[in-house]
Amino acid sequence: DVAALRGVERGRVRVAVLTTAQYVVPKLLGAFCASHPGIDVAMHVGNREALLQRLAANQDDLYVLGAAPEHLDVVTEPFADNPLVLIAPPTHPLARARDIDPQRLAEEPFVLREPGSGTRSTAERFFAEHGVSLRVRLEVGSNEAVKQTVAGGLGVAVLSAHAVAAELALGELVALDVRGFPLLRRWQLLHPAGKRLSPAALAFKQWLQTHRPTFPPAAGE
Ligand code: PGA
């Protein structure tokens, strides 16, 4: 039966996930490991550029990534939504404003992720398309550091809604109602096309698909 089969599953899965998916995938590991005791999981967390390098060097079995670059031969499956929100401290003058023009953000100091971050490049692309050049106050290398500096009043930032769900629910941060936001991104599960997934990697991929996270509640809802 299925339970007996699971009991004899053996193997190791190397998975690499985006820093944004870090708020989603590790949570699912506990239950997966409990029901697949013979499977060891090694998880690497990195930004988009770092994961693309790992993918090109064939370092992992499975990736939780955004859109795959066209020149790489990969197998992709949609995984979950990764909406990006514009966050500010609750005391921000725009906290209660509705339908804010993106141009208005030109006056605001921004906290940005490091170069190589997909979150950063998506935010930069959005504002460039709206003719807004961002006033970059600070550049920091993690979602956690971005959250802390925004909460501390240094500026506003664009982050994954998954990364700030707890702070938004607690009212420690607010999502500004800027026209065009949330920016809609999606995570994919992918692996190199030439690589056959091991039974352990397949089991983990199926687990992720059946336990995919849903869109987090937006601020104010
Ligand atoms: P990153 O992850 O900002 O850490 O690169 C998010 C993404 O690329 O969607």
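Keep in mind it's a predicted model, so treat the numbers as computed, not measured. Sequence order sets the numbering: in each chain, residues are counted from 1 along the sequence as written. This being a predicted model, a pLDDT of at least 70 is required before a residue's local features are given, and a value of 80 or more before pairs of side-chain atoms are given or counted; all residues contribute to the totals for chains, interfaces and linings. Only hydrogens and water are set aside when side-chain values are computed; all heavy atoms of the structure are taken into account.

## With respect to the environment of V15
Next up, step 1: Per the convention used, a helix needs a DSSP run of H or I reaching at least four residues, while a strand needs a run of E reaching at least two, with both numbered from the N terminus. By the element assignment, V15 lies in strand β1 (residues 11–18).
Next up, step 2: Buried, partly exposed and exposed residues are distinguished by accessible area as a fraction of the type maximum, computed with a 1.4 Å probe on protein chains only: under 20%, between the cut-offs, and over 50%, respectively. Accessibility expressed as a relative area gives 0% for V15, which makes it buried.
Next up, step 3: Taking C-alpha positions, V15 is 9.7 Å from H191, a pair spaced 176 residues apart along the chain.
Next up, step 4: Residues in contact with V15, not counting those within four places in the same chain, are V41, A42, M43, H44, D60, L62 and F204. Here a residue-residue contact requires only that any non-hydrogen atoms of the pair lie within 4.5 Å.

## So, the packing of aromatic side chains
Next up, step 1: Centres within 6.5 Å are what make two rings of Phe, Tyr or Trp a pair, Trp counting through its six-membered ring; a difference in plane orientation under 30 degrees is then read as stacked, over 60 as edge-to-face, and the rest as tilted. Considering all chains together, one arrives at 7 aromatic pairs under this definition.
Next up, step 2: Relative to F204, the ring of F32 has its centre 4.9 Å away and its plane inclined at 70°; by these criteria the two rings are edge-to-face. One end of the pair, F32, is in helix α2 (residues 25–35); the other, F204, is in helix α7 (residues 199–210), and 172 residues separate them in sequence. Each member of the pair, F32 as well as F204, is classed as buried.

## Notes on the site of the ligand
Next up, step 1: In the region of the ligand, the neighbouring residues are L18, T19, T20, N47, R48, N82, R113, S117, G118, T119 and R185.
Next up, step 2: We call two N or O atoms a polar contact when they sit within 3.5 Å, provided that within protein one can donate a hydrogen and the other can accept it, with sequence-adjacent residues counted only if both atoms are side-chain atoms. In the model, an oxygen atom of the ligand is placed 2.5 Å from a nitrogen or oxygen of the T19 side chain.
Next up, step 3: In this structure, an oxygen atom belonging to the ligand sits 2.7 Å away from a side-chain N or O atom of T119.
Next up, step 4: Whether a set of points on the 1 Å grid over the protein atoms alone is a cavity depends on a 1.4 Å probe fitting there but being unable to get out, while an open set qualifies as a pocket with protein on both sides within 12 Å along at least five of seven lines; lining residues are those with an atom within 4 Å of a point. Criterion for pocket placement: a molecule counts as inside a cavity or pocket if more than half of its atoms are within 2 Å of its grid points. If you map the ligand onto the pockets, it falls in the largest cavity.
Next up, step 5: In this count, Pro and Cys sit with the nonpolar residues alongside Ala, Val, Leu, Ile, Met, Phe, Trp and Tyr, while Asp, Glu, Lys and Arg are called charged and the others, Gly among them, polar. Split by residue class, the shell around the ligand holds 1 nonpolar, 7 polar and 3 charged. To be near a molecule or strand, a residue needs just one of its heavy atoms within 4 Å of it.

## Re the sheet that holds strand β8 (residues 157–160)
Next up, step 1: With respect to topology, 3 strands assemble into an open sheet ordered β8-β5-β9, the strand pairing being antiparallel. Each end of this open sheet is capped by a strand with a single partner; those strands are β8 and β9 (174–175).
Next up, step 2: Strand pairing is defined by DSSP finding a minimum of two bridges between the two strands. Sheet analysis places strand β5 (residues 84–88) next to β9, joined by 2 bridges and oriented antiparallel. Directly across from I87, in β9, lies its bridge partner A175.
Next up, step 3: The sheet contacts of helix α5 (residues 143–151) involve β5 and β8, and relative to β8 the element is tilted by about 135°.
Next up, step 4: Its contacts with the sheet put helix α6 (residues 161–170) on β5, β8 and β9, and the angle it makes with β8 is roughly 100°. Here the axes come from fitting lines to C-alpha atoms, over the contacting stretch only for helices, and the angles between their N-to-C directions go from 0 to 180 degrees.

## Quick look at the sheet that holds β1
Next up, step 1: The 5 strands lie next to each other as β2-β1-β3-β10-β4, forming an open sheet whose pairing is mixed. One side of each edge strand has no neighbouring strand; the edge strands of this open sheet are β2 (39–46) and β4 (74–81). This sheet shows a mean twist of 20° between the axes of neighbouring strands, independent of strand direction.
Next up, step 2: Relative to strand β10 (residues 186–192), strand β3 (residues 62–65) is paired through 3 bridges, and the arrangement is antiparallel. In the sheet register, Y63 faces β10, and the bridge partner there is L190.
Next up, step 3: Each of β1, β2, β3 and β4 is contacted by α2, which is oriented at about 175° to β2, the strand it contacts most.
Next up, step 4: Across the sheet, α7 is in contact with β1, β2, β3, β4 and β10; its angle to β1 comes to roughly 45°.

## Details of the environment of A165
Next up, step 1: Of note, A165 is situated in helix α6.
Next up, step 2: Once the C-alpha coordinates of A165 and Y23 are considered, the two residues, 142 residues apart in sequence, prove to be 9.2 Å apart.

## What to know about the side chain of T149
Next up, step 1: Following the sequence through the fold, T149 ends up in helix α5.
Next up, step 2: In terms of polar contacts, T149 uses its side chain to reach the backbone carbonyl oxygen of A145, at 3.0 Å.

## A word on the nonpolar core
Next up, step 1: Core analysis: the biggest nonpolar cluster contains 32 residues, and V25, V64, F79, W187, F204 and L208 have the highest contact counts within it.
Next up, step 2: Elements supplying a minimum of two residues to this core: β1, α2, α3 (48–56), β3, β4, β10 and α7.
Next up, step 3: By residue number, the principal contributor to this core is α7, which donates 6 residues. Nonpolar core, defined: a set of buried Ala, Val, Leu, Ile, Met, Phe, Trp, Tyr and Cys residues in which side-chain atoms within 4.5 Å join the residues together.

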